[in-house]
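So you can see what is in the structure, the chains are spelled out below.
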Amino acid sequence: MAAKKTRHVCVLLPDKQHLDCTVGVKARGREVWTSILRQLGVGDLQVFALAVLRDNEYIFVDLDERLTKYFCKRWTRESPMVPYILFLRIKFYVESGLLLMSSRVQQLYYAELRQKLLLSQSHHEEALFFLLAALALQAEVGDHRETNDEDFHHYFLPEDYFPSWLIKRRGRDYVLQNVGLLHAELRGEASSRAVLRFIREANRLQDAALTLYRMRQEINGIHQILLDFSWNDIDSLTFQGSKFEIVSSASLCIPKLVYHSPSAFHSKHILMHIRDSHRLHFSTREAAIYVQHLEDMEAGCCYRESYICDTTALKQRLQNILSSMSDCSAAEEDEGTPSEAKLWMDEEFVDDPADVPWLAEVLFGVSVDGPLVLTSSCWAAVTAEMKQVLWRRAGEAASVD
């Protein structure tokens, strides 16, 4: 009787590993989530979520809902020994891996992007695929090693790093030779840095750092990508049954787009995912700006160390970054904090953005795996500390001269 009241859940990770846990028949998603966090040894997975595969499409699990909602009758009728499969998938994509504070989370994020790259159809980005493959090799096997003619073709398998259409177009010999040259240029670069560069460069692919949902513009229409909207371009998102509507004042030719999802369940799921993504976008945008500044200066310092360059121009560039930050801060103090843009979704406004917890870990070096609470009163101090870091790095760059 006790066995019938439990279920075996297997969670597949992006790096092809899996984690197992046993939960009760009435368990909610949060019980599995807690078990996964404990087994991975992290306090938060940030941009990841549990997902179930339904109709060849990933549906993210609401942690407060019972698992029977996602497995339906199978959950209560099948043998308790049958494993129920969940997936750990990226729910929110970020512009920089530095926003992922745990190295374990960075590795999982990198692993999923690596797999999505193999399915990419960005045919106009061939050069980028070669760079990404070289970065992946540096991250996974370290420095390039010289090979003779006999084992040259065993250096790596192109199928593990390139989409099949590119290998077919260019040929295996071409791929092996040119990736080897690019990999050799990365000699000495740390694995962790290669992972961060891979995450940043992968964002340039049109179909890698995004979640695709299957929808039709007409009931018997064909699948196609029509328009690309920024958050500021969207006026409202609503659904009624399987019908999903996007209203945008930025699109003068088509102010309202009507799509049809497989079901009302899918429409609601898509709307909730967009709402959560919108919240994350606004809650992390300031942190993303500062991280971008740091990455820009780091790239400038690497350029300074590798080549003879105009140090005056480098220092001026750093000063311009700092000046622009000071101007923004002064403008906010004069005009007050601008209210956050609101996005109308399903007859309710998106909540105000939450405080950003990750930036303090970048600054203060606290444990990346433990929970971190950053109150609103701390945000001004965090911003000021970030500016001090920038000034300090600017001074270091100047002393190199």
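Here's a quick rundown of the structure. What you see is a predicted model, and the numbers here were worked out from it, not measured in a lab.

**Some points on the packing of helix α4 (residues 103-117) against helix α5 (residues 126-141)**
Relative orientation of the contacting elements α4 and α5 amounts to 140°, with a least axis distance of 12 Å. Comparing their axes, α5 and α4 come out oblique. You can see that α4 and α5 cross each other, and the crossing is left-handed. Taken together, the residues of α5 that come into contact with α4 (itself represented by Tyr110, Arg114 and Leu117) are Phe129, Leu132, Ala136, Ala139 and Glu140.

**As for the pairing of strand β6 (residues 236-240)**
As judged from the 5 bridges shared by β6 and strand β7 (residues 243-247), these two strands associate in the antiparallel manner. From the neighbouring strand, Thr238 faces β7, where its bridge partner is Glu245. Hairpin geometry of β6 and β7 is characterised by an intervening segment of 2 residues between the two adjacent antiparallel strands and by a positive phi of about 65° at Gly241.

**A few points about the state of the cysteines**
Scanning the entire structure with this criterion turns up 0 disulfides. Left without a disulfide partner, Cys21 is nearest to the cysteine sulfur of Cys10, which lies 8.8 Å away. Cys21 sits in the buried class, given a relative accessible area of 6%.

**Quick look at the pattern of salt bridges**
A full pass over the atoms with the stated rule returns 15 salt bridges. Across the pair Arg114 and Glu140 runs a salt bridge whose closest N-O atoms are separated by 2.8 Å. Placement of the pair is Arg114 in helix α4 and Glu140 in helix α5, with a sequence separation of 26 residues. Its relative accessible area of 10% is what places Arg114 among the buried residues.

**Focus on a positive patch on the surface**
Residues Lys5, Lys26, Arg28 and Arg66 make up a contiguous surface patch of positive charge. Tracing the backbone shows Lys5 in the segment before β1 (6-12). You can call Lys5 exposed: its relative accessible area is 56%.

**What about the pairing of strand β5 (residues 84-90)?**
For β5, the buried fraction is high: 5 of the 7 residues fall into the buried class. Strand direction decides the pairing type here: β1 and β5, joined by 4 bridges, are parallel. Bridging from a neighbouring strand, Leu12 pairs with Phe87 of β5. Pairing of strand β3 (residues 48-54) with β5 involves 4 bridges; the strand directions are antiparallel. Bridging across to β5, Phe48 finds its partner in Ile90.

**Remarks on the side chain of Glu57**
Take Glu57: it is sitting in strand β4 (residues 57-60). Side-chain polar atoms of Glu57 contact the backbone nitrogen of Arg214, separated by 2.8 Å. For Glu57, the residues in contact, after removing those within four places along its chain, are Val52, Tyr213, Arg214 and His266.

**Topic: the nonpolar core**
The nonpolar side chains of soluble globular proteins are, as a tendency, buried together. Core analysis: the biggest nonpolar cluster contains 71 residues, and Val32, Leu45, Phe48, Leu88 and Phe162 have the highest contact counts within it. Here this core gets 10 residues from one element, more than from any other, and that element is α5. Not counting the four nearest positions on each side in its chain, Leu88 is found in contact with Val11, Leu12, Leu13, Pro14, Trp33, Leu40, Leu45, Phe48, Ala49, Leu50, Leu108 and Glu112.

**Points about the side chain of Gln106**
Along the chain, the position of Gln106 falls in helix α4. When residues no more than four places from it in sequence are discounted, the contact partners of Gln106 are Gly97, Leu100, Val195, Leu196 and Ile199.

Reading the values: rules and limits
- Residues numbered from 1 in each chain as written.
- Predicted model: local features only at pLDDT ≥ 70, side-chain atom pairs only at ≥ 80, totals over all residues.
- Heavy atoms only, no water.
- Axes fitted to C-alpha atoms, helices over the stretch in contact; angles between N-to-C directions.
- Helix = DSSP H or I, 4+ residues; strand = E, 2+ residues; numbered from the N terminus.
- Parallel < 35°, antiparallel > 145°, perpendicular 65-115°, else oblique.
- Left-handed = near helix turned anticlockwise from the far one by under 90°.
- Contact = heavy atoms within 4.5 Å.
- Pairing = 2+ DSSP bridges.
- Disulfide = S-S within 2.5 Å.
- Buried < 20%, exposed > 50% of the residue type's maximum accessible area, 1.4 Å probe, protein only.
- Salt bridge = Lys/Arg side-chain N within 4 Å of Asp/Glu carboxyl O.
- Patch = residues over 30% accessible without salt bridge, like charges linked within 9 Å, V, L, I, M, F, W, Y side chains within 5 Å.
- Areas by Shrake-Rupley, 256 points an atom, 1.4 Å probe, with all protein chains shown as cover.
- Lys, Arg positive; Asp, Glu negative; His and termini not counted.
- Charge placed at Lys NZ, Arg CZ, Asp CG, Glu CD.
- Polar contact = N/O pair within 3.5 Å; in protein donor to acceptor, adjacent residues only side chain to side chain.
- Core = buried A, V, L, I, M, F, W, Y, C linked by side-chain atoms within 4.5 Å.

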